[in-house]
Amino acid sequence: MTPRPSRLPALSLPAVPLAILIGVVLGGLLVLVSGGNPLDAYWRILVGSLAPANWPDTLNWAVPLVGMTIAAAIPLRGGMVNLGGDGQLAIGGFVAAVLPVMLPQILPEAIALPGPVLAALAILAAMLASGLYAALAALGEVRFGIPMLISSLLLSYPAIGVTSYFVGFPLRDTTTGLSQTAMIPEGARLMTISGPLNIGLLMIVAVAALVLYVDRRTVGGYELRMRGLNPRFTAYGGVKPGPQMLRTLFASGAIAGLVGAIIVLGSLYRFQDGALLSPGYTWSGLMAALLAGGEPLGAITAGLFFAALQTGGFAMQRETEIPRVLTMILQAIIILFLAMRHGVGRRG
Amino acid sequence: MQMVELETAGIVKRFGTLVANDGIDLSVARGEVHAVMGENGAGKSTLMSILYGMQAPDEGSILLRGQEVRFRSAVDAIDHGMGMVHQAFKLFNSLTVWENVVYGREPRRGPALDRRAAIAQVGALAERFRLSVDPTARVGDLSVGVRQRVEILKALYRDARILILDEPTAVLTPQERDGLFDVIRTLKADQRTILFVTHKLHEVMAITDSVTVLRQGRVTERMATRDTTPAEIIRAMTGRVVNLTVDRKPATPGAAVLDVQGLTVGTGAKPVVDKLSFRLHAGEIVGIAGVAGNGQTELIEALTGLRRPDGGRVTLSGRDVTEADVEAHRAAGLAYVPEDRAVTGTARAASAADNLLMGYQRKAPFTEGLRLNAKAVAEHARRLIGRFGVKIADETVLVGTLSGGNLQKVVIARELTHQAPLLIAEQPTRGVDVGAIEFIHAELVAERDRGRAILLVSAELSEILALSDRILVMYEGRILADLPAGAADEDRLGLLMAGRTGQAA
């Protein structure tokens, strides 16, 4: 009758401040050793992310990062891992960049779609395409027994490669020397709120609210939560494991596709090879989701924190000699210490 | 006056706020068989793991032959002459008996393992204690009873003076159990001391010399076996008088609810479930007896939709469910108490309300469109907790904190409340304390009287005999016998479970 340690809620005080403190101290030492001033560095991070004038920057960075956090948290809530975020992001961005340019060319002249309708279609198509692509990874496990951890990651590479080929050759904007598509018509771009912020922010807020609601109040959310706690229990209780996995991955992929579409329609206005992936939203989002064990509110909070940290890092790099990778080191140390405290992935 | 071999004084062990052992004094004489009894959660396992060096006590001391000892590890305890046979054997199935026995203490000749000496030593040891084991046999080929002897040999090879047997009879047929008792008598004659952990009363009465009873981490009674009665032991374990027999009227079977024809699971010459056929009627309890591993698990998986059968036909309430999944089985009228409440029957890190909702979440009044009606969910949980007497603060508490018996009540409450025509109950009282057993048995009989068809799978023969109206004996994937309850007794079932039809008929 040895009581087993029950899994702790992944984000709880006072472990979080403690981990942050340890990260800050170790990161500070690192700055000190390399000849910088830690206090100055941290002050720049703080000001760069949290001073009211810089909120738009932080929020703008948070939109894709929190979006990808949610995309990772949904399957994680049910004990599944979607490692294919990059591929789904690329597909979503690609579809959203190509559709507003191509669709008016295909349709007869008489049907001139208004810009917002074009944008809405582009977003829906991006979500559908990425959702189906993610569901393909689930199908690999359900049908052929390929662990989804592997199939989702491996399917990511062809998606990145194929979009890269299209933008490099058949769909390349030949007026520029870069691998990028033609600019999307102005009417189809997302409406600006202020500064860098556009209505993509509202979409992610809406998605976050919807995910929280589904998680807490609906049948599907209940079944997914239970699966995450004990998949044998839900299978025994009559929840069909295969369709549940397909649904979950579709939702996860669709949100990744939405993030891709928001970046393309809201700030880049075209699909540039690699531009969606280089900031590493997928992996930061996965970390944030892992930290909270897939619990949506905790994951979103962690995603916001990482967004602030990374935005502050840019400011620090601008203002001091210290490179912004310091914030990535901080992020890693905090994750490590939280994982230690909570035994993420502990047996039993 | 006999010499005292092992003594503990004021052993205390805490896990967080839970006090698993609360000042335990134990005194075991040399050469006696000493029973340690108690309900689940009484602290038996904790005490044994302390005596075997796997855990250190927070307070108190252990005295071995009058000397205080402090075990740093199980290896240290073994060096002090302790031996333990765990409930789940710790053997290498792909190795031979002698390899398992000498593992870690091999006789050597120079740098090499002295194979011949090892076999000779193990053989001699087996003969001396009348364990009748072939040292060169592969462990994986041996029956459970013989594997247990290999475990005992392992301890004796390390010259264990005190042998802890943790629920040793749980996996044995009655005949194998009698064999074990013979071994215990031989050991006793050699002045070895046995600590016998169990909650089976008749075994305590049959083999032990004295009894220590634990309740909630404390010793409630120390008795000489010959001066006590089962009723007295139960009172010490539970603090009250418990009814050991199940009151029930004869069954009045109705229409067939479950019809199994030629069911086969597995392929090849010897499928795990081999063209099995039987019928189960409304208002009867049919028990499936058999030594674990004779296809019961696979049969139940096929009957519940967790696994597709490889042949045959299953009809549930007139619907062909042979190829159906779990959801379709449940829709056709199945409730199912699974073998392992913690692994399958519950999500331990979820609340009681969430656990009690499983299977109802897509039915009225719990669902409104896609939304869950939180109020209905909570009311449902409170009603079940009250009706089945689950000891829990409220429905929001995580079920991982509950004792085995209470956790089982959560599963039973949920499944019985489905009021499905067919109830499959697999090991419904395994590892559950006496009070909860009494309650669960009464509930099962009440369900039968309400006209449900109940299929009972149990490793506990006394349970099969107490509850069943008809008994099917499973052996190597087949039904070896279909007996009315009146024609069955422990001896006859035991022989059938060992596959011997001739002697049983």
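Rules used in this analysis
Residues numbered from 1 in each chain as written. Chains lettered and ligands numbered in written order. Predicted model: local features only at pLDDT ≥ 70, side-chain atom pairs only at ≥ 80, totals over all residues. Helix = DSSP H or I, 4+ residues; strand = E, 2+ residues; numbered from the N terminus. Rg over C-alpha atoms; globule rule 2.2 N^0.38 Å. Buried ≥ 20, exposed ≤ 12 C-beta atoms within 10 Å, placed from the backbone. Contact = placed C-beta atoms within 7 Å. pLDDT = per-residue confidence, 0-100. Nonpolar A, V, L, I, M, F, W, Y, C, P; charged D, E, K, R; others polar. Core = buried A, V, L, I, M, F, W, Y, C linked by C-beta atoms within 7 Å. Domains from an automatic or database assignment. Pairing = 2+ DSSP bridges. Axes fitted to C-alpha atoms, helices over the stretch in contact; angles between N-to-C directions. Expected span 1.5 Å × (residues − 1). Arc of directions from axis to C-beta. Parallel < 35°, antiparallel > 145°, perpendicular 65-115°, else oblique. Left-handed = near helix turned anticlockwise from the far one by under 90°.

Enquirer: Lay out the overall build of chain B with the relevant residues and their values.
Expert: Along chain B, the regular secondary structure elements total 18 helices and 24 strands. Since a compact globule built from 505 residues should have a radius of gyration of about 23 Å, the 25 Å found for chain B is in line with a globular shape. Taken along the three principal axes of its C-alpha coordinates, chain B extends 70 × 55 × 45 Å. When burial is assessed residue by residue, chain B has 48% of its 505 residues classed as buried. Of all intrachain contacts in chain B linking residues separated by at least 6 positions in sequence, the fraction that spans at least 24 positions is 67%.

Enquirer: Provide a residue-level description of the confidence of the model for chain B, including the pertinent values.
Expert: With 98% of its residues at a pLDDT of 70 or more, chain B shows a mean pLDDT of 90. Prediction confidence for the complex, expressed as pTM and ipTM, is 0.78 and 0.86 respectively.

Enquirer: How would you sum up the interface of chain A and chain B? Please name residues and give values.
Expert: Between chain A and chain B, the residue contacts involve 21 residues of the former and 32 residues of the latter. Those elements that provide at least two residues to the side of chain A that touches chain B are α8 (219–229) and α9 (231–236) of chain A. Looking at the side of chain A that touches chain B, the element that brings in the most residues is α8 of chain A, giving six residues. Across the side of chain A that touches chain B, the residue classes tally to nine nonpolar, seven polar and five charged.

Enquirer: Now, about the environment of Thr218 of chain A: what can you tell me, with residues and values included?
Expert: Structurally, Thr218 of chain A is set in the loop between α7 (200–217) and α8. On the basis of neighbour count, Thr218 of chain A is assigned to the partly exposed category, with 18 C-beta atoms found within 10 Å. Considering only alpha carbons, one finds Thr218 of chain A and Met316 of chain A, 98 residues apart in sequence, at a separation of 43 Å. With near-sequence residues (within four places) excluded, Thr218 of chain A lies in contact with Leu370, Arg371 and Leu372 of chain B.

Enquirer: Go over helix α8 (residues 230–238) of chain B, please, and point to the residues and values.
Expert: All names here are of chain B. Taken as a whole, α8 has its buried residues at Ile233, Ile234, Ala236, Met237 and Thr238. Contacts from the buried residues of α8 go to β3 (33–38), α7 (201–207), β11 (210–215), β12 (218–224) and α15 (434–449). Gly239 sits one or two residues past α8 and shows a positive phi near 80 degrees.

Enquirer: Tell me what's going on with the nonpolar core, and back it up with residues and numbers.
Expert: Among the nonpolar cores identified, the biggest contains 152 residues, and Val122, Leu153, Leu456 and Val473 of chain B are the most heavily contacted of them. Two domains share this core, each providing at least three of its residues, namely domain 1 (4–238) and domain 2 (269–345 + 403–504) of chain B. In contact with Val122 of chain B, other than residues within four places in its own chain, are Val97, Trp98, Val101, Val102, Pro135, Leu153 and Tyr157 of chain B. Grouped together as the second largest cluster of nonpolar side chains are 96 residues, Ile45, Ala126, Leu277 and Leu309 of chain A included.

Enquirer: Lay out the domain arrangement of chain B with the relevant residues and their values.
Expert: All names here are of chain B. Looking at chain B, the domain boundaries give domain 1 (4–238) and domain 2 (269–345 + 403–504). Relative placement of domain 1 and domain 2: their C-alpha centres are 32 Å apart. On the domain 2 side, the residues contacting the 11 residues of domain 1 number 17 residues. For the side of domain 1 that touches domain 2, the elements supplying multiple residues, two or more each, are α6 (174–189) and α8. At three residues, α8 tops the list of elements feeding residues into the side of domain 1 that touches domain 2. Looking at the side of domain 1 that touches domain 2 residue by residue, the class counts come to five nonpolar, five polar and one charged.

Enquirer: Report on unusual backbone geometry, specifying residues and quantitative values.
Expert: It is generally the case that most residues other than glycine have a negative phi and that most peptide bonds are trans. All names here are of chain B. In this model, Ala364 is joined to Pro365 through a cis peptide bond whose omega is 0 degrees. Within the element layout of this structure, Pro365 appears in the loop between α12 (352–357) and β19 (367–368). Phi is positive for Arg130, which is not a glycine, with a value near 50 degrees.

Enquirer: Can you explain the sheet that holds strand β24 (residues 478–484) of chain B? Please cite residues and give values.
Expert: Residues and elements named next belong to chain B. Taking strand neighbours across the sheet as the criterion, the six strands line up as β18-β21-β22-β15-β23-β24 in an open arrangement whose pairing is mixed. A strand with exactly one partner marks an edge of an open sheet, and here the two such strands are β18 (334–337) and β24. Put simply, the sheet's adjacent strands are angled 20 degrees from each other on average, direction ignored. Bridge analysis of β18 against strand β21 (residues 422–426) gives four bridges, and the strand direction is parallel. Bridge assignment links Leu334 to a residue of β21, and that residue is Leu422. Strands in contact with helix α14 (residues 404–417) are β18 and β21; relative to β18, the strand with the most contacts, it is inclined by about 170 degrees. Where helix α17 (residues 490–497) meets the sheet, it contacts β15 (285–289), β23 (470–475) and β24, and its direction lies at approximately 30 degrees from that of β23.

Enquirer: Describe α7 of chain A, and please don't skip the residues or the numbers.
Expert: Residues and elements named next belong to chain A. With 18 residues, α7 extends 25 Å between its outermost C-alpha atoms, agreeing within 8% with the 26 Å of an ideal straight helix rising 1.5 Å per residue. Turning to α7, its buried residues number three or more, namely Gly200, Leu201, Ile204, Ala208, Val211, Val214 and Asp215. Each buried residue of α7 sits inside an arc of 155 degrees when the element is viewed along its axis, so together they form one side. Opposite the packed face of α7, turned more than 90 degrees from it, sit the exposed residues Ala206 and Ala209.

Enquirer: So, the confidence of the model for chain A: which residues are in play, and what are the values?
Expert: Residues and elements named next belong to chain A. Scored by pLDDT, chain A has a mean of 90; 94% of the residues are at 70 or more. Across residues 1–11 the pLDDT falls below 50, and counting only partners more than four positions away or on other chains, this stretch makes 29 contacts in the model. In this model, residues 344–348 is a region of pLDDT below 50 whose contacts with residues beyond four sequence positions or in other chains number three contacts.

Enquirer: Describe the sheet that holds strand β10 (residues 193–197) of chain B, with residues and values.
Expert: Residue and element names in this part refer to chain B. Taking strand neighbours across the sheet as the criterion, the six strands line up as β6-β9-β10-β3-β11-β12 in an open arrangement whose pairing is mixed. Each end of this open sheet is capped by a strand with a single partner; those strands are β6 (82–85) and β12. Looking at each pair of strands side by side, their axes are set apart by 20 degrees on average, direction ignored. Alignment of β6 against strand β9 (residues 162–166), held across four bridges, turns out to be parallel.

Enquirer: Run through the packing of helix α1 (residues 15–33) of chain A against helix α2 (residues 38–50) of chain A, naming residues and quoting values.
Expert: Residue and element names in this part refer to chain A. Two numbers describe how α1 lies on α2: the axes approach to 8 Å, and their chain directions differ by 125 degrees. When the axes of α1 and α2 are compared, the pair comes out oblique. Our pair here, α1 against α2, has a crossing hand that is right-handed. Between α1 and α2, the residues in contact are Val24, Gly28, Val31 and Leu32 and Pro38, Ala41 and Tyr42, respectively. Among the residues making up the contact of α1 with α2, the classes are represented as six nonpolar, one polar and no charged.

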